[in-house]
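Coordinate analysis (summary)
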Amino acid sequence: MAIVTHGLTKRYGKKLAVDDLDVVVDAGRITGFLGPNGAGKTTAMRLMLDIDRADAGTVTFDGVPHGQLEAPLRTVGAMVDANALDPNRSAEATLRCVAAGAGLAKGRVDEVLELTGMTTAAKRKVGGFSLGMRQRLGIAIAILGDPAYLMLDEPTNGLDPEGIHWIREFLGAAAANGCGVLVSSHLLSELSLYVDQLIVIGKGRLITTGTVEEFTHRYTSDLTTVRSPKLDELVPLIEERGGRVTRNDSGIEVTSMTAAQIGDLAALYQIPLHELHTVDDSLETAFLEATASAQEYRTSTDTTPDASS
Amino acid sequence: MNNAIRAEWIKFSSLRGSWIRVALVTVVYVLATVMALSLFNSDFGSASESTAGPDRVRVLTSGNILTSLVMVVLGAKVFTDEIKSRSIINSVAAIPDRADLLAAKAVIVGGVGIVAAVIANVISVTIAVVGLDQKGFSVGLQDDDLARAVLGGICYLAIAALFGLGIGIVMNSPTSAVAVGITWPLAGEVMVSSVLPDWLSKIMPFEAGRAMFEAPARDGMPPWEGGAIFLAWTAVLLLVGWRMFERRDLGSS
């Protein structure tokens, strides 16, 4: 039970937005879709939903192509563009249009309004909505068909902390009920809080898939900085035990050895330490590492992924 | 398909703009009739009973040309509103079969077009008949193909709405669709016709369609043949639009 893409490719003019992408979104899990802005996450989602037409490749939902789904909205619900709403229609009417098209019962509209906390705003025109409210309405549309799969593009964009918390809880509950969730973000720190699985892409290409732990492990290395007045004694001791040392102006940087091991070693030989600090390579660093070669708009000053667009 | 039609109806009826355009159909039609009626008074008031016959029909059907522009816009907007707001992506999420989606739109545009045209005609014909009667000209719908001309006018307006839908789908944007939809029937067709061979200019869509509400029937273009030609153009336009729509990326506009 999964969404499976095979060789998914999309070209806009000369630019390959999605390049031969093979990914799997499992049922019952939350899969994070990670990549810098412009990496092709949104395009890939649109292709999976057949909103944009792929130049090549296939997408199946439990083996069935999107165009042949018996009940498309019950199979996959999506929010790929929170602003894709007619400003002159009320939230309720917007939902009723979609519900009618999918042949859903009228009561379902009221249910999702309630679920997304939109009941009081139901009769208001979408044009007056804040980004956060559009986001909620977009999510309401996505969950309208109580779908087997959910695809949300940057769903926490514009939501307040309470809304972000709500999204996480909601997606967690959905996955626990067997729903396969694909949720995109350019912020690994955010995704790492609640996803089971990661798909990382850059420049339209798949970089890696796996759990957050696997990803972090593969792309980070613990680095410990050490300062001591007796470095000359300490360095050979570390190197004897397999640690790798690089010197810098104020001290040394050690890899392949934990801070605890270095501290114990120093204590054993009575070497005073003035600093022992593990630079915990953040997930962001791992992410940058993984996508560095694939970053499209990278400049010398822009090193954060969200500054790249 | 029923779901798609129901969804289209909710989409149409939940926008105030839709109702404004439906109301505009009647308003424009009635205003054109009232204007023609007053012209009838000054220009043809002294005409004899025999020559005034065709002019009476003209009073009754004079609203069709202007009103058809409202219809074109009404039809185009049913498609282009969704493109402009990008809400089309929510429509295809529920109805991935794009042919179904367009067919449902055609059903709603055609249906609304007929109903709006009937309402406009009922009011306008009443005004025209009463007005002409006061001027001493009796009008019976059995006269001078009059009933056919009124019915033909209603068909003309409904087809114009579908033609507008076709323009909307092909142009894919409200501004260009409205611009083309208004200039083509008003001026474009005449300009193009001036360089075309006679047989071709005779079968241009709106030109042919107008034969439906002319009485007595135009030489060389029987009313329903003209209507069939207008409908055929519209069908071709919708088919071309459908083929274009099938290939289009809807999320990246």
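About the thresholds
- Starting afresh in each chain, residues are numbered from 1 along the sequence in its written order.
- By the order in which they are written, chains take letters starting at A while ligands take numbers starting at 1.
- The predicted nature of this model means local features are confined to residues of pLDDT at least 70 and side-chain atom pairs, given and counted, to a pLDDT of 80 or more, with totals for whole chains, interfaces and linings taken over all residues.
- Secondary structure counts use DSSP, requiring at least four H or I residues in a row for a helix and at least two E residues in a row for a strand, with both numbered from the N terminus.
- Here the globule rule reads 2.2 Å times residues to the power 0.38, and the radius of gyration is calculated from C-alpha atoms.
- Neighbour density around each residue's C-beta defines its exposure: 20 or more other C-beta atoms within 10 Å make it buried, 12 or fewer make it exposed, and counts between make it partly exposed, where C-beta atoms are placed from the backbone.
- Axis definition: a line fit to C-alpha positions, over the contact stretch in the case of helices; interaxial angles, taken between N-to-C directions, run 0 to 180 degrees.
- An angle below 35 degrees is read as roughly parallel, one above 145 as roughly antiparallel, one from 65 to 115 as roughly perpendicular, and any other as oblique.
- Crossing handedness is read from the near helix: turned anticlockwise from the far helix by less than a right angle, it gives a left-handed crossing, and turned clockwise, a right-handed one.
- Working definition of a contact: two residues with C-beta atoms, positioned from the backbone, lying within 7 Å.
- Three categories are distinguished: nonpolar for Ala, Val, Leu, Ile, Met, Phe, Trp, Tyr, Cys and Pro, charged for Asp, Glu, Lys and Arg, and polar for the others, with Gly belonging to the last.
- Scored from 0 to 100, pLDDT reflects the predictor's confidence in each residue.
- Strands are treated as partners if at least two bridges between them are detected by DSSP.
- Note that the domain bounds reflect an automated or database-derived domain assignment.
- Buried Ala, Val, Leu, Ile, Met, Phe, Trp, Tyr and Cys residues form a nonpolar core when they are connected through C-beta atoms within 7 Å.

1. Let's talk about the overall build of chain B
The number of helices and strands found in chain B is eleven helices and zero strands. Taken from the N to the C terminus, the helices and strands of chain B come in the order α-α-α-α-α-α-α-α-α-α-α. Against the 2.2 N^0.38 benchmark of 18 Å for 253 residues, chain B shows a C-alpha radius of gyration of 19 Å, consistent with a compact globule. Considering chain B as a whole, with its 253 residues, one finds that 48% of them fall into the buried category.

2. Considering the packing of helix 4 (residues 63-85) of chain B against helix 8 (residues 174-195) of chain B
Between two packed helices, the angle of one axis relative to the other and the distance separating the axes together describe the packing. Residues and elements named next belong to chain B. Where helix 4 meets helix 8, the axes come as close as 9 Å, and the angle between the chain directions of the two elements is 160°. One way to sum up the angle between helix 4 and helix 8 is to call them roughly antiparallel. Once helix 4 is placed against helix 8, the crossing between them reads as right-handed. Side by side, helix 4 and helix 8 meet where Ser68, Leu69, Val72, Val73, Ala76, Lys77, Thr80, Asp81 and Lys84 of the first sit next to Pro174, Ala177, Val178, Gly181, Ile182, Pro185 and Leu186 of the second. For the contact of helix 4 with helix 8, the per-class residue count stands at ten nonpolar, three polar and three charged.

3. Re the confidence of the model for chain B
Per-residue confidence for chain B gives a mean pLDDT of 90, with 92% of residues at or over 70. For this predicted complex, the interface score ipTM comes out at 0.89, while the overall pTM is 0.84.

4. Focus: the sheet that holds strand 14 (residues 252-255) of chain A
Residue and element names in this part refer to chain A. Pairing within the open sheet is antiparallel, and its four strands lie in the order 13-14-12-15. Edge strands, defined here as strands with exactly one partner in the open sheet, are strand 13 (244-247) and strand 15 (275-279). Going across the sheet, the axis of each strand differs from the next one's by a mean of 25°, ignoring polarity. Of the strand pairs in this sheet, strand 12 (residues 223-227) and strand 15 are connected by five bridges, and their pairing is antiparallel. Bridge pairing in strand 15 places Leu223 opposite Val279.

5. Describing the interface of chain A and chain B
Between chain A and chain B, the residue contacts involve 30 residues of the former and 27 residues of the latter. Looking at the side of chain A that touches chain B, the elements with two or more residues in it are helix 2 (72-75) and helix 3 (91-101) of chain A. With six residues, the top contributor of residues to the side of chain A that touches chain B is helix 3 of chain A. Considered class by class, the residues forming the side of chain A that touches chain B number 16 nonpolar, six polar and eight charged.

6. A closer look at the domain arrangement of chain A
One widely used convention gives an interface's size as the accessible area the parts lose upon coming together. Each assigned domain of chain A is listed here: domain 1 (2-217) and domain 2 (221-279). Computed from C-alpha atoms alone, the centre-to-centre distance between domain 1 of chain A and domain 2 of chain A is 47 Å.

7. Observations concerning the sheet that holds strand 10 (residues 197-202) of chain A
By way of backbone hydrogen bonds, the strands of a sheet pair with one another, either parallel or antiparallel. Residues and elements named next belong to chain A. The strand order 7-8-9-4-10-11 describes an open sheet built from six strands, whose pairing is mixed. The two strands at the open ends of the sheet, each matched to only one other strand, are strand 7 (76-79) and strand 11 (205-210). Taken over all neighbouring pairs, the strand axes of this sheet differ in orientation by 15° on average, direction set aside. Bridge analysis of strand 8 (residues 149-153) against strand 9 (residues 180-185) gives five bridges, and the strand direction is parallel. Of the residues in strand 9, the one forming a bridge with Met151 is Leu182.

8. Regarding the confidence of the model for chain A
When pLDDT is averaged along chain A, the result is 87; 90% of the residues meet or exceed 70. This model gives residues 296-309 of chain A a pLDDT under 50, and the stretch forms 22 contacts once residues within four places in sequence are excluded.

9. Focus on the nonpolar core
Inside soluble globular proteins, nonpolar side chains tend to come together where they are buried. Counting 150 residues, the largest nonpolar core has Leu95, Ala140, Leu144 and Met151 of chain A together with Ala161 and Leu165 of chain B as its most contacted members. In terms of residue count, helix 7 (residues 146-171) of chain B provides more of this core than any other element does, 19 residues in total. Those residues in contact with Ala140 of chain A that lie beyond four places of it in its chain are Leu95, Val112, Leu113, Thr116 and Met118 of chain A. One finds Val226, Ile238, Val254 and Ile262 of chain A within the second-largest nonpolar core, a separate group that totals six residues.

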